[in-house]
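Descriptive analysis of the structure
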Amino acid sequence: MKKRIAILVLLLAGCSSVELVENWKNPDIVLFDAYKVLIVGMTQNMDARDDFESKLHKEFKKRGVESMRSIDLFDVSFTNSQKTEDELDAVEQSLLDKDFDAILFTKVIGYEDREVFRKKMADWTNYNDSFHDDYMSHQPIYYDESYYDKFTIYHAETSLYCICVGKERELIWRGSIDITDPQDISKSVDDYVKLVVLAMEEQDLIFRKEKKNEVTGL
């Protein structure tokens, strides 16, 4: 599975500014289907957030899966200040009440030294936080204007969480992605969305690859 994903990534990377550097899937999950997904893009750039969530929303719609952009669900007052654990618990409960069963959560973070970052990634496969913990630890991305000041190379992570009743907001999949040339934000968003869709299709996570006709090959 990892080999197939790597081949697809290499094909895309030839003309792209994004690269999948780590890929983890819950070993207890073979197939994962969701019927209503919240798409969350965590970044201070509102235009990029709008563009990213809209393009992913379009991919879900093409595949007949209901989804909603967080930009349509969270008002400005929610993301411009730090939230308490109780407030975030209330948000999760409201999602369950609205019949959401998954969250696709992407956050733009960063790092200065690629070698140091790679060392940190050694323990990455043991990382199994819930959406609650993930959001709480990274929410300054929304409102701390100095958050990115020390970074010269950007890195992003996309995580798929199940928020089904009884599943305890478990992590289904996480992809770690380098953004090596963020000068053209729109192109970077396009490439990022394509990469996420490919990775999820290859691992049978919500998206499924289109089956070709055995006779025509189409």
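To be clear, the structure that these remarks concern was listed above.
Residues numbered from 1 in each chain as written. Predicted model: local features only at pLDDT ≥ 70, side-chain atom pairs only at ≥ 80, totals over all residues. Heavy atoms only, no water.

1. Notes on the packing of aromatic side chains
Each aromatic ring pair is summarised here by two numbers: the centre-to-centre distance and the angle between the ring planes. Here the structure, examined in full by the defined rule, presents 6 aromatic pairs. Here Phe105 and Phe131 contribute two aromatic rings whose centre-to-centre distance is 5.3 Å and whose plane-to-plane angle is 85 degrees, an arrangement assigned as edge-to-face. Taken together, the residues Phe105 in strand 4 (residues 102–111) and Phe131 in helix 7 (residues 131–138) connect sequence positions 26 residues apart. Across the pair, Phe131 and Phe105 agree in class, each one buried. Connected via pairs of aromatic rings, a cluster forms that spans Phe105, Phe131, Tyr135 and Tyr161. A cation sits over an aromatic face here: Lys36 above Phe100, 4.6 Å from the ring centre. Between Arg63 and the ring centre of Phe207, over which it is positioned, the NZ or CZ distance is 4.8 Å. (Phe/Tyr/Trp six-rings, centres within 6.5 Å; stacked < 30°, edge-to-face > 60°. Helix = DSSP H or I, 4+ residues; strand = E, 2+ residues; numbered from the N terminus. Buried < 20%, exposed > 50% of the residue type's maximum accessible area, 1.4 Å probe, protein only. Lys NZ or Arg CZ within 6 Å of the ring centre and 35° of its normal.)

2. Some details on the nonpolar core
The biggest cluster of nonpolar side chains holds 31 residues, and the ones touching the most others in it are Phe32, Leu160, Met200 and Ile206. Those elements giving two or more residues to this core turn out to be strand 1 (18–25), strand 2 (36–42), helix 2 (46–62), strand 4, strand 5 (153–162), strand 6 (171–179) and helix 9 (185–202). Counting residues per element, this core draws most heavily on helix 9, which supplies 8 residues. Each residue touching Phe32, except ones within four places of it in the same chain, is listed here: Asp101, Ala102, Leu160, Cys162, Ile172, Asp204, Leu205, Ile206 and Arg208. (Core = buried A, V, L, I, M, F, W, Y, C linked by side-chain atoms within 4.5 Å. Contact = heavy atoms within 4.5 Å.)

3. Digging into helix 7
Working note: α-helix, 3.6 residues per turn, so residues spaced by three or four point in the same direction. Among the residues of helix 7, those classed as buried are Phe131, His132, Asp134, Tyr135 and His138. Along the long axis of helix 7, the arc covered by the buried residues comes to 170 degrees, so they all point the same way. (Arc of directions from axis to C-beta.)

4. What to know about the pairing of strand 3 (residues 66–69)
Covered by surrounding structure in strand 3 are Ser67 and Arg69 only, the residues Glu66 and Met68 on the alternate face being uncovered. Pairing geometry for strand 2 and strand 3, over 4 bridges, is parallel. Bridge pairing in strand 3 places Ile39 opposite Arg69. For the crossover from strand 2 across helix 2 to strand 3, the handedness is right-handed. (Pairing = 2+ DSSP bridges. Right-handed = clockwise from strand over helix to strand, strands pointing away.)

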